[in-house]
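As a plain string of letters, each chain reads:
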Amino acid sequence: MVDEAKKKEVLEKMRNGVIQYDEDACKEGAQEALDLGMDANEAIFDGLVSGMEEVGRLFEAQEYFVPEILMCADALYAGLDILKPHCQQMDIGLKGAVVIGTVEGDVHDIGKNLVKMMFDVAGFNVYDLGRDVPLDKFVEEQLKTDSDLVCLSAMMTTSMVGMPKIIEKIKEKNPDCMIMIGGAPTSKELADKWGADGYAEDASNALKEAIKMVSFLKKLRDEKAGKK
Amino acid sequence: MKTRPLKELLQREGATLVGVGDVTQALTSELIHLNRGIAIALNRGLSSDTNDQLERLQKLAEVWLKERGYRSFSIPPDSDRRKDKLITKLYHLVSHKTAATCSGLGWIGKNGLIINNTYGSKMSWATVLTDAPLHPDTPVSGSQCGECDLCVRHCPSGAVKGYHWSMVDPRQELVAYDKCRSLKTKRHGFAEKPNCGFCVTICPFSRSRHKQKHG
C-alpha cells in the first residue's frame, strides 16, 4: 500500500514542477512516484496534467505568456519521459493513433506542439509530421498508420486554404477518420464547411481544447475505475 | 531594484562580466513582459565546458530571481544549436548581442561580434531575460572600432563588409555569413557552425588583453 501522504506530496511536487516550469522537480517527482510504486497513469494525470490545467488557467488569466507555457510544457515532458515507459495503455475504445502537422506553407508550430504534447500525455501514438507538411503527406501517413484522428494546423490564411483539400482526400479514402483543424485563421464555421470533425482556435485554445480532451479522458478513466 | 547583489553573486561564481540591460526595444510581443536582459560573459576561450559554466551561472540567476518572486527565461550560449525542447523555438527571438549592447558591455564590431573594451570579442555569452524591475545599466552608445579594418582586410573569405554598427540600424548585415560559412565548408568539410575565428584573434581589443597577460 502506497503511503497516501507521501503520494500526495509527490503529486504536488510534479504539479508545482509543471506550474513553475522546474524540469528538475518534475523529473524528481516522477522518479519518486515510480520508486513509491505509484501507478504511472495516475502520476501523469493527477500530477503533471493537473499542473498543466493550472497553467492553462494562468494563460487565460494573462498571468502566463507563450514562453512560460512552453517552459511548462518542457517540464511536463521531462516528467513524462520518465513515467511513459511504465504506463498502461488506456482502453478508451480508440486505437489511439493520431497524425498531426502544420500544413504546407506554414512554419508556425507552437500550437501544434502543445496539442501534440497533450496527445502524448493521453497515451496516443502520435505521428508528428512537423511543419510545412505537403498536403498529400497527411493522406499518405493516415493510410499508412490507420490513425483515428488527423490534426491539421495553420497560422496563416494563405496556408489554411490547403486544409479542405486534405480533408476531402482523407474522407474519400477513409470516411471513419476524424479530422480536427486549428490555428488562428480557422473557425468553427470553416471546420463545418470543410467537413472537419473538430476545431481548436489558436495556440492557447488548442492547449485548452487538448487539456479538455485529456481531462475528459481522465474522467472516463476515473468512472471506469469507479465501476470496477 | 538593485542589481549589485546579483552581479556580485555571478562574478563570485566565475562570471567575467555581468550586465543588466533594458531590452524592451528589441522584444517581440511574446516576450515583452520580460524586458530586462541579464548578459553574462565568460572569458576563457572555447574550453569544452564553457557552455556548461555559462548555463550553471544562468541557473544561479534564475534561482536568485525566483526566490524574489520574479520570472526568468534563459537563452543558452549555444541557442542556435538547441532543438531538443519546445522552448528552443523562441531562442531566435533574442540574441546575446541585444543584452550585451543594451547593458553596455560591448558594441558590435565590424566583424559582427560583441567587442568588449577589455576582453575584445573572445568572450562567450549567455542571456537571462526577466520581469524583475532591475535597474538597467547604460547601453553602449556606438561602435569604437574607429578606422581599424584589420578584420575586414584579413578575412580569408572576404566576408567582413566593413560597416560600422550602430544602435540605430542594428539589423544591417555586417558580415556576409554565407561567405563565412562557405570557406569553412570548402576547406574543412565542416558541417557544424563555422568559425575560422580569424576576425576574433586579429582584433586589437582581443589582443591587448592577451599581451598584458602573457607579455
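The structure presented is a predicted model; accordingly, all values stated were derived computationally and were not measured. (Residues numbered from 1 in each chain as written. Chains lettered and ligands numbered in written order. Predicted model: local features only at pLDDT ≥ 70, side-chain atom pairs only at ≥ 80, totals over all residues. Heavy atoms only, no water.)

A. Focus on the overall build of chain A. Each helix and strand counted, chain A has 10 helices and five strands in total. Scored against the burial criterion, the 228 residues of chain A give a buried share of 54%. Sequence separation of 24 or more characterises 73% of the internal contacts of chain A that already satisfy a separation of 6 or more. Accessible surface for chain A amounts to roughly 10,600 Å². Of this, 51% is attributable to carbon and sulfur atoms. (Helix = DSSP H or I, 4+ residues; strand = E, 2+ residues; numbered from the N terminus. Buried < 20%, exposed > 50% of the residue type's maximum accessible area, 1.4 Å probe, protein only. Contact = heavy atoms within 4.5 Å. Areas by Shrake-Rupley, 256 points an atom, 1.4 Å probe, with all protein chains shown as cover.)

B. Inspection of the overall build of chain B at higher detail. From N to C terminus, chain B includes seven helices and six strands. Mapped in sequence order, the helices and strands of chain B form the string α-β-β-α-β-α-β-β-β-α-α-α-α. Buried residues in chain B amount to 44% of all 215 residues. By sequence separation, contacts in chain B at least 24 residues apart represent 65% of the contacts at least 6 residues apart. Counting only carbon and sulfur atoms, one obtains 50% of the accessible surface of chain B, whose full area is about 11,200 Å².

C. Spatial organisation of helix α1 (residues 4–12) of chain B. Residue and element names in this part refer to chain B. What α1 keeps buried is the set L6, K7, L9 and L10. In an axial view of α1, the angular spread of the buried residues amounts to 160°, which keeps them on one side of the axis. Turned more than 90 degrees off the buried face of α1, the exposed positions are R4 and R12. Buried residues along α1 sit against β1 (17–22), β2 (36–42) and α2 (50–67). (Arc of directions from axis to C-beta.)

D. Region of interest: the nonpolar core. Counting residues in hydrophobic clusters, the biggest one holds 47 residues, and the most contacted among them are M14, L48 and M52 of chain A together with F73 and L129 of chain B. Those elements that place two or more of their residues in this core are α1 (4–19), α2 (23–35), α3 (40–60), α4 (66–83) and α5 (110–121) of chain A together with β3 (72–75) of chain B. Broken down by element, the residue count for this core peaks at 10 residues, all from α4 of chain A. When neighbours within four sequence positions are excluded, L48 of chain A is seen to be in contact with M14, V18, C26, A43, L76, G79, L80 and L83 of chain A. (Core = buried A, V, L, I, M, F, W, Y, C linked by side-chain atoms within 4.5 Å.)

E. Structural view of the sheet that holds strand β4 (residues 178–182) of chain A. Residues and elements named next belong to chain A. If you trace the five strands from one edge of the open sheet to the other, you get β2-β1-β3-β4-β5, paired in parallel fashion. Each edge of the open sheet carries a strand with a single partner, namely β2 (125–128) and β5 (198–200). Within this sheet the neighbouring strands show an average axis-to-axis angle of 20°, counted without direction. Looking at chain direction, strand β1 (residues 97–102) and β2 are connected through four bridges and run parallel. Paired with V99 across the two strands is Y127, which belongs to β2. Relative to β4, helix α8 (residues 163–173) is tilted by about 170°, and along the sheet it contacts β3 (149–153) and β4. (Pairing = 2+ DSSP bridges. Axes fitted to C-alpha atoms, helices over the stretch in contact; angles between N-to-C directions.)

Bear in mind that shape data such as this cannot, by itself, settle questions of function.
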